Amino acid sequence: MSGLLKGKRIVVTGGAGLLGRTFCTAIAEHGGQAVVADRDLDAAKCAVDAIVQQYPAGAVAATLDITDKDSVDRMIGDVHVRCGRIDAIVNNAYPRNSRYGRRMEEVEYADFCDNLGMHLGGYFLVMQRFADYFKRTGGGNMINVSSIYGVVAPRFDIYEGTPMTMPVEYAAIKSGLLHLTRYFAQYLKGSNIRVNALSPGGILDRQPEAFLARYRDLCADKGMLNPSDLAGSLVFLLSDLSRHVDGQNLIVDDGFSL
Ligand SMILES: NC(=O)c1ccc[n+]([C@@H]2O[C@H](COP(=O)([O-])OP(=O)(O)OC[C@H]3O[C@@H](n4cnc5c(N)ncnc54)[C@H](O)[C@@H]3O)[C@@H](O)[C@H]2O)c1
């Protein structure tokens, strides 16, 4: 344990998911307390049970729907009472509807708007409500989880021969999120609130071998990453080591986006 996050209480939205569980474990490992905030409360409790076995005060669960203002405000109020205060928010949930992930030609206008509203709109709502909370409590730290596909155009050839694609909504959401990060960092200057983004490359999750090999060819060494490969960069952005880093995007992708 490094103690880099000692005493810090950090909310992770979507904390029960693939990346969220690893982020919450890393927070506990470095001395902080993670609030596993998820729409799926059972999954959040499950994640907390696993973390507290190793780090007894390392995590608590909270219910949250990032698309519902009352839910966001209620979660902030409840966690503030339970934990004393909140030092940071990791905007990491991944809302999408049942028709998300289709090829560009098949995306309906209503689904495009729905998915942008839930994901980009939900991240905006979390930032807006936390900006208000952090102003009232004297400061805070926000990290938005974006993606390399918010930075570069997709390389569609790596998906050929697989059922996978890179959804058009995702490009709009994640690039929009990077500029929202700069907007909020600029808007909140002088209020002791900093706002940064973390942009991961692809994460290993049982993808087809042909895709993995083509992806790896575009990287320096490893190719697709494990969730734990992102943990150090997240801890850096959450810690005081990055105290004067504001409005930036930290890309962790083994060189894929070069
Ligand atoms: N997995 C990847 O390859 C990858 C790569 C780059 C970036 N990312 C980004 O990382 C973040 C996490 O992705 P993941 O792969 O861990 O996703 P995931 O689907 O494994 O987990 C997402 C979590 O968000 C929760 N959630 C969904 N809608 C919610 C809502 N409205 N309110 C609160 N919680 C909600 C889900 O219950 C789930 O626990 C996302 O922003 C994603 O875009 C993922």
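Under an unreviewed UniProt entry, the name given to the protein chain is SDR family oxidoreductase, and the organism recorded is Undibacterium rugosum. According to the UniProt record, the Sequence similarities (unreviewed entry) comment for the protein chain reads "Belongs to the short-chain dehydrogenases/reductases (SDR) family."

This part is about the overall build of the protein chain. Counting its regular elements, the protein chain contains seven helices and seven strands. The order of helices and strands in the protein chain, counted from the N terminus, is β-α-β-α-β-α-β-α-β-α-β-α-α-β. At 18 Å, the protein chain has a C-alpha radius of gyration in line with the 18 Å of a compact globule built from 258 residues. Overall, the C-alpha framework of the protein chain stretches about 50 × 40 × 35 Å when taken along its three principal axes. Looking at the 258 residues of the protein chain, the share that counts as buried comes to 53%. Long-range pairs, those at least 24 residues apart, make up 74% of the contacts in the protein chain between residues at least 6 apart in sequence. Accessible surface computed for the protein chain: about 12,000 Å², of which carbon and sulfur atoms make up 51%. With 27 positive and 29 negative side-chain charges, the protein chain shows a spacing of 7 Å between the two charge centroids.

For the rest of this paragraph, the subject is the layout of surface pockets. A volume near 1,300 Å³ is recorded for the largest pocket. In terms of lining, the largest pocket is formed by 48 residues, of which the most central are L18, Y94, R96, Y170 and D205. Elements with a contribution of two residues or more to the lining of the largest pocket: α1 (18-29), β2 (33-38), α4 (109-137), α5 (168-187) and α6 (209-217). Taken together, the residues of the lining of the largest pocket sort by class into 28 nonpolar, 13 polar and seven charged. The computed volume of the second largest pocket comes to approximately 300 Å³. As for the second largest pocket, its lining consists of 18 residues, of which G140, N141, N192, R194 and D240 are closest to the centre.

Before going further, it helps to spend a moment on the state of the cysteines. Counted according to the given criterion, the structure contains zero disulfides. Free of any disulfide, C24 has its nearest cysteine sulfur in C83, 12 Å distant. For C24, a relative accessible area of 0% puts it in the buried group. We note that C46 lacks a disulfide partner, and the nearest cysteine sulfur, in C24, lies 13 Å from it.

Conventions and cut-offs
- Residues numbered from 1 in each chain as written.
- Predicted model: local features only at pLDDT ≥ 70, side-chain atom pairs only at ≥ 80, totals over all residues.
- Heavy atoms only, no water.
- UniProt positions renumbered as here; feature names shortened; annotations may be inferred.
- Helix = DSSP H or I, 4+ residues; strand = E, 2+ residues; numbered from the N terminus.
- Rg over C-alpha atoms; globule rule 2.2 N^0.38 Å.
- Buried < 20%, exposed > 50% of the residue type's maximum accessible area, 1.4 Å probe, protein only.
- Contact = heavy atoms within 4.5 Å.
- Areas by Shrake-Rupley, 256 points an atom, 1.4 Å probe, with all protein chains shown as cover.
- Lys, Arg positive; Asp, Glu negative; His and termini not counted.
- Charge placed at Lys NZ, Arg CZ, Asp CG, Glu CD.
- 1 Å grid on protein atoms, 1.4 Å probe; cavity = no way out; pocket = protein on both sides within 12 Å on 5 of 7 lines; lining within 4 Å.
- Points joined across faces, edges and corners; volume = space filled by probe spheres on them.
- Nonpolar A, V, L, I, M, F, W, Y, C, P; charged D, E, K, R; others polar.
- Disulfide = S-S within 2.5 Å.

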